[in-house]
Amino acid sequence: MIVVATADFELYHGVVNELRERGSEFTTIEPDDELPERVAVVVTGPEHADSFPDVTTIVADPDDPRRAVDQALTAVRGDGGRVIIGVDPGRKPGIAVLAGDVVVAAFQVPLSDAVDVIQREANEATAPIVRIGDGSRLQSASLVNDLEDVTVELVDETGTTPYLGTGSRGMGDVLAAANIARLEGEVVETRQIDPTAGELQVIKDRSREQSDGNRAIDDLLARRVAAGELSIEEALSEHRTAGSGGDSSGANGELDQPDEAEDGHGSDRAQ
């Protein structure tokens, strides 16, 4: 059982509310009270960090009670509570943080913010694993290459997106991330991807959509975007600075159309 032992009003309410939302078993005591017999973890404030030498103690920050609760739940589950972070890559990756087999946190953020979120969650855990789906090749490669000081596995994500019923719109990527976290993959340090013509065309089309003058970046800049060296905004800025003109039409004066969807999911995904 988790014991919350603090006289700090803000800390008490933050931690207790988090535990209630998770449906966790816990009790509360004053810091000087005797601990109950079934105590497994004590959550307390910095002023009582050394008051419980014989019990696993989590020192909580009033501004981040979720972090303390995540750590407490992981400690309660022991060796089966290893933190695994599953990632369903894409333009807005789904991210699920599991302690053992329990999802303790979930996010869906723009690709530009995903590494920071994953890195923050990994840095707070002991020996975490990050498991990234192998779909959305360019985005998954970008994530693999940008993560530091954490074990990364590349996972076959076939079949990881569940059927989504009424009212569950927008949940697919996060649910897929949770399923990806439960699958063992191949440990990788880098992932090198040679973008296809269709993937480059998708990047060029997106640059046209974001440009002020309906102009697309050229193949060279599109390749740098695909490699994660530039964002589309940065590529457009270089394009304007170079004054290259960047032909915004196809060979016949028609707007180029993408050959394939670069960040679409496999046939296992719900349409």
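Just above, that's the structure.
Residues numbered from 1 in each chain as written. Predicted model: local features only at pLDDT ≥ 70, side-chain atom pairs only at ≥ 80, totals over all residues. Heavy atoms only, no water.

## Observations regarding helix 1 (residues 9-22)
Taking 1.5 Å of rise per residue, the 14 residues of helix 1 would be expected to cover 20 Å, and the 20 Å separating its terminal C-alpha atoms lies within 8% of that figure. Taken as a whole, helix 1 has its buried residues at Leu11, Gly14, Val15, Val16, Glu18 and Leu19. Against the buried residues of helix 1 lie strand 1 (2-5), strand 2 (26-29), strand 3 (41-44) and helix 2 (65-77). A side-chain oxygen of the first residue of helix 1 lies 3.0 Å from the backbone nitrogen of Glu10; this N-cap is Asp8. Two residues or fewer after helix 1 comes Gly23, characterised by a positive phi angle close to 70°. (Helix = DSSP H or I, 4+ residues; strand = E, 2+ residues; numbered from the N terminus. Expected span 1.5 Å × (residues − 1). Buried < 20%, exposed > 50% of the residue type's maximum accessible area, 1.4 Å probe, protein only. Contact = heavy atoms within 4.5 Å. Polar contact = N/O pair within 3.5 Å; in protein donor to acceptor, adjacent residues only side chain to side chain.)

## Focus on the nonpolar core
If you look at the biggest cluster of nonpolar residues, it comprises 25 residues, and the most contacted ones within it are Ile85, Ile95 and Val130. If you list the elements that add at least two residues to this core, you get strand 5 (83-88), strand 6 (94-99), strand 7 (102-108), helix 3 (111-123), strand 8 (129-133), helix 4 (137-146) and strand 9 (151-155). Among the elements that line this core, the one with the most residues is helix 3, at 5 residues. Among all residues touching Ile95, those that are not within four sequence positions of it are Ile85, Gly86, Val87, Ala105, Ala106, Phe107, Val109, Ala114, Val117, Ile118, Val174 and Ala177. In this structure, Leu11, Leu19, Val41 and Ile58 belong to the second largest nonpolar core, which totals 13 residues. (Core = buried A, V, L, I, M, F, W, Y, C linked by side-chain atoms within 4.5 Å.)

## Here's the deal with the sheet that holds strand 5
The strand order 7-6-5-8-9-10 describes an open sheet built from 6 strands, whose pairing is mixed. Each edge of the open sheet carries a strand with a single partner, namely strand 7 and strand 10 (186-187). In terms of strand pairing, strand 6 meets strand 7 through 6 bridges, oriented antiparallel. The partner of Leu98 across the bridge, within strand 7, is Val103. (Pairing = 2+ DSSP bridges.)

## Section: the sheet that holds strand 3
Across the sheet, which stays open at both edges, the 4 strands sit in the order 2-1-3-4 with parallel pairing between neighbours. Among the strands making up the open sheet, the edge pair consists of strand 2 and strand 4 (56-59). Across the sheet, the axes of successive neighbouring strands diverge by a mean angle of 25°, strand direction being ignored. Strand direction decides the pairing type here: strand 3 and strand 4, joined by 4 bridges, are parallel. Within strand 4, the residue paired with Val42 across the bridge is Thr57. Each of strand 1, strand 2 and strand 3 is contacted by helix 1, which is oriented at about 165° to strand 2, the strand it contacts most. Here helix 2 sits on the sheet and contacts strand 1, strand 3 and strand 4; the angle it forms with strand 3, its principal contact strand, is near 170°. (Axes fitted to C-alpha atoms, helices over the stretch in contact; angles between N-to-C directions.)

## Description of the environment of Val130
The topology assignment puts Val130 in strand 8. Along the sequence, Val130 and Ile85 sit 45 residues apart, while their C-alpha atoms lie 4.7 Å from each other. Other than its neighbours up to four places away in sequence, Val130 contacts Ile85, Val87, Ile118, Leu147, Val150, Thr151, Val152 and Glu153.

## Some words on the packing of helix 6 (residues 197-210) against helix 8 (residues 232-242)
Put simply, helix 6 and helix 8 touch, their axes get as near as 10 Å, and they point 75° apart. By the criterion of interaxial angle, the relationship of helix 6 to helix 8 is roughly perpendicular. For the pair helix 6 and helix 8, the contacting residues are Ile203, Arg206, Ser207 and Gln210 in the first and Ile232, Glu233 and Leu236 in the second. Within the contact of helix 6 with helix 8, the residues separate by chemical class into 3 nonpolar, 2 polar and 2 charged. (Parallel < 35°, antiparallel > 145°, perpendicular 65-115°, else oblique. Nonpolar A, V, L, I, M, F, W, Y, C, P; charged D, E, K, R; others polar.)

## Details of the pairing of strand 6
Burial within strand 6 is extensive, with 6 of its 6 residues counted as buried. Burial of the side chains of strand 6 extends over both faces: Gly94, Ala96 and Leu98 are buried on one face and Ile95, Val97 and Ala99 on the other. In terms of strand pairing, strand 5 meets strand 6 through 6 bridges, oriented antiparallel. For Gly86, the partnering residue across the bridge sits in strand 6 and is Ala96.

## Considerations on the packing of helix 7 (residues 219-226) against helix 8
Axis separation between helix 7 and helix 8 bottoms out at 9 Å; the angle between their running directions is 155°. Classified by the angle between their axes, helix 7 and helix 8 sit roughly antiparallel to one another. Relative to helix 8, helix 7 is oriented so that their crossing is right-handed. Between helix 7 and helix 8, the residues in contact are Leu221, Arg224 and Val225 and Ile232, Ala235, Glu238 and His239, respectively. (Left-handed = near helix turned anticlockwise from the far one by under 90°.)

## Re the pairing of strand 3
Residues Val41 and Val43 point to one face of strand 3 and Val42 and Thr44 to the other, with burial holding for every one of them. Note that strand 1 and strand 3 share 4 bridges and pair parallel. Counted as the bridge partner of Val3 is Val42 from strand 3.

That is the geometry; function is a separate question.
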